[in-house]
Amino acid sequence: MSATVLDPKTALIVVDLQKGIVGLPTAHPATEIVARAATLADAFRAKGLPVVLVRVTGGAPGRTEGPARSGKPAADWAEIVPELGPADGDIVVTKQQWGAFYGTDLDLRLRRGGVTQVVVAGIATSIGVESTARAAHEHGYHVTLATDAMTDMSAEAHDNSVERIFPRLGESDTTDAIVKLLG
């Protein structure tokens, strides 16, 4: 687990660090995940690199065996947590599925900005983060995963993504190591 380099035009993608999701029970303390994601966002902004804040407001319509959400979410459910902003110049993406690329203009916006690499963080590791990382990889971006700036509702699901899936999609490292690579 170590990231080797960040391209000159690397974007940070922070997945679903919004009030309704950060408030759910997670395998690692959400306050720590938010703090590390904010550290990454601050470092990217200081270097003039794109910060993408992703939020989810819906779900794919297909049938599943898993439980469906019940009830109406709180009015502020989809608001990005205040520790992350958004700051001026950030890209805010609202998605309806797990991944940040499908059904959004994220790829177009990144390509127009000359982005060739993404660093991904957020909640949930095995859902929104993994789906976004998979799509980024499929779109030809270099992918780096900030594994200490993400968590899941289950430690087993988080560990499966980090140990088995992410090595096939890119490189992984800690927030501190990624900030150091930014220079």
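Residues numbered from 1 in each chain as written. Predicted model: local features only at pLDDT ≥ 70, side-chain atom pairs only at ≥ 80, totals over all residues. Heavy atoms only, no water.

Caption draft 1: Region of the structure containing the packing of helix α4 (residues 125–138) against helix α5 (residues 155–169). Relative to each other, α4 and α5 sit at 5°, their axes nearing to 10 Å. Taken as axis vectors, α4 and α5 run roughly parallel relative to one another. Each of T125, S126, V129, E130, A133, R134 and H137 in α4 lies in contact with α5, whose residues at this interface are A157, H158, S161, V162, I165, F166, R168 and L169. Its residues assigned to classes, the contact of α4 with α5 shows seven nonpolar, five polar and three charged. (Axes fitted to C-alpha atoms, helices over the stretch in contact; angles between N-to-C directions. Helix = DSSP H or I, 4+ residues; strand = E, 2+ residues; numbered from the N terminus. Parallel < 35°, antiparallel > 145°, perpendicular 65-115°, else oblique. Contact = heavy atoms within 4.5 Å. Nonpolar A, V, L, I, M, F, W, Y, C, P; charged D, E, K, R; others polar.)

Caption draft 2: Expanded view of the sheet that holds strand β5 (residues 142–151). Taken together, six strands build an open sheet; the order of strands is β3-β2-β1-β4-β5-β6 and the sheet is parallel. Of all the strands in the sheet, just β3 (91–95) and β6 (171–173) have a single pairing partner and so form its edges. Within this sheet the neighbouring strands show an average axis-to-axis angle of 25°, counted without direction. The pairing of strand β4 (residues 117–123) with β5 spans six bridges and is classified as parallel. Within β5, the position partnered with G122 by the bridge is M150. Of the strands in this sheet, β5 and β6 touch α5, which is tilted by about 170° from β5. Across the face of the sheet, helix α6 (residues 175–182) comes into contact with β4, β5 and β6 while running at roughly 140° to β5. (Pairing = 2+ DSSP bridges.)

Caption draft 3: Region of interest: α5. The end-to-end C-alpha separation of α5 is 20 Å, in line with the 21 Å expected for 15 residues at 1.5 Å each. The axis of α5 is deflected most strongly, by about 35°, at V162. Within the span of α5, buried status applies to H158, S161, V162, I165, F166 and L169. Taken together, the buried residues of α5 touch α4, β5 and β6. (Expected span 1.5 Å × (residues − 1). Bend = angle between axes of the 7 residues up to and from the residue. Buried < 20%, exposed > 50% of the residue type's maximum accessible area, 1.4 Å probe, protein only.)

Caption draft 4: Inspection of the packing of helix α2 (residues 30–46) against α6 at higher detail. Taken N-terminus to C-terminus, the directions of α2 and α6 make an angle of 0°; their axes are 10 Å apart at the nearest point. Classified by the angle between their axes, α2 and α6 sit roughly parallel to one another. On α6, the residues touching R36, T39, L40, A43 and F44 of α2 are T175, I178, V179 and L182. Here the contact of α2 with α6 is composed, by residue class, of six nonpolar, two polar and one charged.

Caption draft 5: Inspection of unusual backbone geometry at higher detail. Looking along the chain, the bond that leaves G85 and enters P86 is cis, with omega of 10°. In this fold, P86 is placed in the loop between β2 (51–56) and β3. In this chain, I123 is followed by A124 through a cis amide linkage whose omega measures 0°. Along the chain, A124 turns up in the loop between β4 and α4. Its identity is not glycine, yet D16 carries a phi of approximately 60°, on the positive side. Within the fold, D16 resides in the loop between β1 (10–15) and α1 (19–22). Judged by its relative accessible area of 5%, D16 falls in the buried class.

Scope: geometric values only; no functional claims are made or implied.
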